[in-house]
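Letter by letter, the chains look like this.
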Amino acid sequence: MANKHTVEKIGGTSMSRFGELMDNILIAGRKGSELYNRLFVVSAYGGITNMLLENKKTGAPGIYGFFAADDPAWEEQLEATRSKMLEINHSFASLKLDVPAADAFVNERMDGIKVCLKNLRTLRSFGHLKEKDYLPASREFLSAVGEAHSAFNSVSILRNNGVNAVLVDLSGWKDNDIASMDEMIRRNLAGLDFSSCMPIITGYAKCAEGVMSTFDRGYSEITFSRTAVATMASEGVIHKEYHLSTGDPKLIGEDKVKIIGHTNFDIADQLADMAMEAIHPKAAKEMERKNIPIRVKNAFDPENPGTLISANYVSPVPRVEMICGRQDVLGIEVFDTDMVGQSGYDHILTGKLEECGISYICKNTNANTITHYVSTKSKRLDECLKKIQDRLPHAKVRTREVAIVSVIGSNMKLPGFLHRASGALAAAGINVLALTQCMRQVNIQFVLERDDYRQAQIELHREFVEKENA
């Protein structure tokens with residue numbers, strides 16, 4: 001049975017606006033017992049993990065990127081990251097952060113990391129240490145320092161503002177004992193009375209599974225999910241910088257999009273496939289199984305209840321809940337006249353994708369052509385294409401850069417839906433290259449030229465959201 005408390009996650013961009021978080025979420029006029037029965041999982045401040053590892057969007061190396069490439073610039077990057085962390089500390093002086101203690105915390109961690117990386121580099125120079133023996137661990141402890149920094153500061157600020165905040169540091173700094181993530185969470189929360197304290201939990205959790213090697217940059221949402229499940233929270237809350245809306249307000253217009261309000265975990269998975277994660281799919285699964293709903297809220301619009309994601313919700317009336325898409329798509333088309341009637345042909349292609357660690361977004365198939373659509377950000381794409389061609393020497397393998405725009409909803413059994421969608425696109429002069437839809441009718445994906453990506457979303461939103469609301 002669920003308890004009274006909630007487990008709430010705050011992202012890095014929001015953490016950088018901590019004064020507003022105090023006013024909108026963490027304190028927000030609450031006093032005494034009203035402050036508690038809320039556990040917060042915090043991310044590193046905006047941009048810090050990029051400096052520690054690599055830029056998530058551009059791939060530009062951070063400390064880890066330089067170190068992994070055996071580039072001595074890692075030391076310079078480490079000092080630049082340290083300076084940025086100390087700069088953040090001083091920016092929070094007006095919020096009553098204990099700046100000397102915060103600076104000492106950063107310096108102790110960064111000095112320790114610097115010594116550790118230097119020692120690893122020395123060991124590597126003797127030729128008896130392979131990359132696989134030390135790089136995963138290096139990535140882990142570099143990741144951890146970002147969340148440890150933000151959590152430490154949060155506790156200091158909150159305690160100096162009258163809140164009984166407690167640091168729950170799951171980063172395992174200098175701790176030789178390695179347990180599973182669930183055990184780490186239970187162990188560090190043991191003995192805390194949620195009704196009289198506010199646990200501030202690091203988004204990174206050191207564990208036997210290796211959270212970075214398993215989930216990479218989505219690890220804070222895994223920690224959030226595991227904490228909610230381990231404590232049987234009444235609800236999980238994710239605070240973002242925006243509402244979960246019917247479309248991208250920057251593209252379609254803030255006056256035209258609507259807050260979704262209520263949807264289900266299935267739809268959250270469809271959004272994740274479009275790189276529009278409300279929550280990491282692997283994190284959502286455990287909460288779904290335990291029937292713990294997730295609420296997505298705008299951290300800077302605290303009065304709005306946001307969007308509730310629950311297990312069994314289906315819209316009582318047929319409607320479209322969101323128009324979204326992604327441009328980073330490459331179509332891998334395999335044409336082979338020997339394909340027709342051949343059992344297991346597609347298995348060959350998916351096998352090569354699996355060998356290269358590439359998952360596909362959707363696919364089209366006919367008698368002699370199969371096209372898989374994958375992210376252009378996928379690593380080892382060139383290797384995968386070569387493997388396919390080597391395995392199928394008589395096939396014609398070609399690629400094409402495209403975009404996918406998806407119409408999503410928990411109940412889209414609208415008569416004439418496809419006619420309306422294709423009509424709206426045709427009226428705007430947009431050609432559909434391919435489309436996919438499952439019989440469950442929770443989404444339809446249009447494969448388009450990249451130049452049509454933005455306009456297609458505007459037209460489909462107008463047809464299925466704005467007209468319906470009108």
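The coordinates are above.
Values in this document were obtained by computation on a predicted structure and should not be read as measured data.

A few words on the overall build of the protein. Within the protein, the regular secondary structure consists of 17 helices and 14 strands. Here the C-alpha radius of gyration of the protein, 24 Å, is about what a compact globule of 470 residues would show, namely 23 Å. Expressed as lengths along the three principal axes of its C-alpha atoms, the size of the protein is roughly 70 × 65 × 40 Å. By residue count, 53% of the 470 residues in the protein fall in the buried class. Across the protein, contacts joining residues at least 24 apart in sequence account for 76% of those joining residues at least 6 apart. When the accessible surface of the protein is totalled, it reaches about 21,300 Å², and 50% of it is carbon and sulfur. Considering the protein, the positive charge centre built from 56 side chains and the negative charge centre built from 60 side chains are found 1 Å apart.

A word on the packing of aromatic side chains. Inspection of every chain in the model, using the stated rule, returns seven aromatic pairs. Seen from their ring centres, phenylalanine 67 and tryptophan 74 are 5.8 Å apart, and the 90° between their planes marks the pair as edge-to-face. For the pair phenylalanine 67 and tryptophan 74, a shared accessibility class is recorded, and that class is buried. Ring geometry for phenylalanine 67 against tyrosine 134: centres 6.2 Å apart, planes inclined by 80°, an arrangement best described as edge-to-face. Residue phenylalanine 67 is found in helix H4 (residues 63-68), and its partner tyrosine 134 is found in helix H7 (residues 131-159); the two are separated by 67 residues along the sequence. As far as burial versus exposure is concerned, phenylalanine 67 and tyrosine 134 are alike and both buried. Its end group placed over the ring of phenylalanine 67, arginine 124 keeps NZ or CZ at 5.1 Å from the ring centre. For the cation-ring pair, arginine 139 lies above tyrosine 64, with the distance from its terminal atom to the ring centre recorded as 5.0 Å.

Its volume calculated, the second largest pocket comes out at about 390 Å³. Lining the second largest pocket are 21 residues, with Ala137, Phe141, Ser171, Gly172 and Lys206 positioned closest to its centre. Listing elements by their share of the lining of the second largest pocket, those giving two or more residues are helix H6 (99-125) and H7. No other element matches the five residues that H7 contributes to the lining of the second largest pocket.

On to the pattern of salt bridges, then. In this structure the tally under the stated criterion is 35 salt bridges. Residues aspartate 266 and arginine 440 are paired through a salt bridge, measuring 2.2 Å at the closest nitrogen-oxygen approach. In this pair, aspartate 266 is assigned in helix H12 (residues 265-273) and arginine 440 in the loop between strand E13 (432-437) and strand E14 (443-448), connecting sequence segments 174 residues apart. Through salt bridges with shared partners, a single ionic network connects Glu79, Arg82, Asp111 and Lys114.

A sheet is described by the order of its strands in space; here six strands give the open sequence E10-E11-E9-E12-E14-E13, paired in antiparallel fashion. In the strand order of this sheet, the two ends are held by strand E10 (360-365) and E13, each with one partner. Between one strand axis and the next, the sheet turns by 30° as a mean value, whatever way the strands run. With five bridges connecting them, E13 and E14 associate as antiparallel partners. For threonine 436, the partnering residue across the bridge sits in E14 and is glutamine 445. Packing of helix H17 (residues 453-469) onto the sheet brings it into contact with strand E9 (322-335), strand E12 (396-408) and E14, and relative to E9 it is tilted by some 130°.

Cut-offs and rules
Residues numbered from 1 in each chain as written. Predicted model: local features only at pLDDT ≥ 70, side-chain atom pairs only at ≥ 80, totals over all residues. Heavy atoms only, no water. Helix = DSSP H or I, 4+ residues; strand = E, 2+ residues; numbered from the N terminus. Rg over C-alpha atoms; globule rule 2.2 N^0.38 Å. Buried < 20%, exposed > 50% of the residue type's maximum accessible area, 1.4 Å probe, protein only. Contact = heavy atoms within 4.5 Å. Areas by Shrake-Rupley, 256 points an atom, 1.4 Å probe, with all protein chains shown as cover. Lys, Arg positive; Asp, Glu negative; His and termini not counted. Charge placed at Lys NZ, Arg CZ, Asp CG, Glu CD. Phe/Tyr/Trp six-rings, centres within 6.5 Å; stacked < 30°, edge-to-face > 60°. Lys NZ or Arg CZ within 6 Å of the ring centre and 35° of its normal. 1 Å grid on protein atoms, 1.4 Å probe; cavity = no way out; pocket = protein on both sides within 12 Å on 5 of 7 lines; lining within 4 Å. Points joined across faces, edges and corners; volume = space filled by probe spheres on them. Salt bridge = Lys/Arg side-chain N within 4 Å of Asp/Glu carboxyl O. Pairing = 2+ DSSP bridges. Axes fitted to C-alpha atoms, helices over the stretch in contact; angles between N-to-C directions.

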